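Notes for the structure review
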Amino acid sequence: MKNMIAMILVGGRGTRLGDITKTTAKPAVSFGAKYRLIDFTLSNISNSDITTCGIVTQYEPFELMNYIGSGASWDLDYLDGGIKFLTPYSRYDDVLWQKGTAHAIKQYFRFIKDLKPDYVLILSGDHIYKLNYNLMLSEHISKNAEVTIAATKVNIKEASRFGILEVANNGKLISFEEKPNQPKSSLASMGVYIFSYQVLEAIFSDDNDNELVDFGRNIIPYCLRNEKDIYVYQFNDYWKDVGTLESLYEANMDLIEDQNFLGLNSSKEMPIFSKSLNLPPHIIKETGQVVSSIIADGAVISGFVKHSTIAYQVEIGIDSKVEDAVILPNVKIGKNVKLKNVIVNKDLVIPDNYQAVFKELILLTEDNLLEVGEIYE
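Residues numbered from 1 in each chain as written. Predicted model: local features only at pLDDT ≥ 70, side-chain atom pairs only at ≥ 80, totals over all residues. Heavy atoms only, no water.

Moving on, we get to the pattern of salt bridges. Under the defined criterion, the tally for this structure stands at 13 salt bridges. Where K332 meets E315, a salt bridge forms, and the shortest distance between an N and an O atom there is 3.6 Å. Taken together, the positions of K332 in strand 22 (residues 332-333) and E315 in strand 20 (residues 315-316) put the pair 17 residues apart, joining distant regions of the chain. When its relative accessible area of 39% is taken as the criterion, E315 is described as partly exposed. For the salt bridge of K340 with E323, the shortest nitrogen-to-oxygen distance reads 3.6 Å. (Salt bridge = Lys/Arg side-chain N within 4 Å of Asp/Glu carboxyl O. Helix = DSSP H or I, 4+ residues; strand = E, 2+ residues; numbered from the N terminus. Buried < 20%, exposed > 50% of the residue type's maximum accessible area, 1.4 Å probe, protein only.)

Spelled out as structure tokens, the structure:
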């Protein structure tokens, strides 16, 4: 297989996740009790035998960089290649802050150029899916494509969140609209691109005014206008862009409800790796009960938990009831607490006798805890 390197974009703020990303880069957000969002992209890279990966950071990078480290947990700690963190830096005339996805890649094109790859794979670090990128590369090569975009069908109600594609019968891209108010179809870009190296180099060389800031808004329309050979790789398996509170919650519920979710527990093909925190096993005490839930290491359960994901080092007190909930790491839940249809932000301490039971999803944070719920003595 030809030489391909990966570039992962992890620098966005993720404002639609509210306080969850206030001090945490979105790819570092906890998912499914055990994982972080970045685990899926890094595991896909490892399973695709890609040996060099640039991680382009900007917003709140420390926790994410500390979690990834050398990449050893994903078998990406190569001496020649491996994980390279690409952080904002200053030049003699400016500080190079990133203005968009394409601008972020352009800032570090010297890194790509020094490696002399045949192909550049561009990825987001906050999507949940399994994909062997070599399958996408094979189609790229067989069709003599200059650009290949991975796409998948989404719910038409959510289609306005994505770039929407129109594709010919031979797989060639006909039109592209970035986050349209009235989507023409439900075929959405996954934010996964393969560029032939020389094509990407020519695009950035032509962008003298730095107007090509974003792949969806600028680069793909530019390639269409200039009649580049753009093809679409259609992906038909599970994919979730965790860009909102609702999508984070839905993905966690999908994991609970589907015992074969991405084959995490049933398949050795394309395993999803995660960094071990070396915590003790979770404990369900004599007063505790767990039904249809996922409990991570270090958790101590003394109450009742149903249809929920409980992240690492969470404590749930006696007579408390947690249902249809996503509890993020290091949360301490007191005695006689009632929670339903909530995401509880990491490190939150919930006092005894607190109740927050809702019909619609709510994010509980330190700032709104007493505004949206009540304490009953």
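Another aspect to go through is helix 6 (residues 197-206). Burial in helix 6 covers these residues: Y197, V199, L200, I203 and F204. End-on, the buried residues of helix 6 take up no more than an arc of 165 degrees, which puts them together on one face. Looking at the buried residues of helix 6, the elements they touch are helix 3 (101-107), helix 4 (109-115), strand 6 (119-124), strand 8 (147-153), strand 11 (187-196) and helix 7 (215-225). (Arc of directions from axis to C-beta. Contact = heavy atoms within 4.5 Å.)

On to the environment of G216, then. Mapped onto the secondary structure, G216 falls in helix 7. Linking G216 and E177, residues 39 residues apart in sequence, is a C-alpha distance of 8.0 Å.

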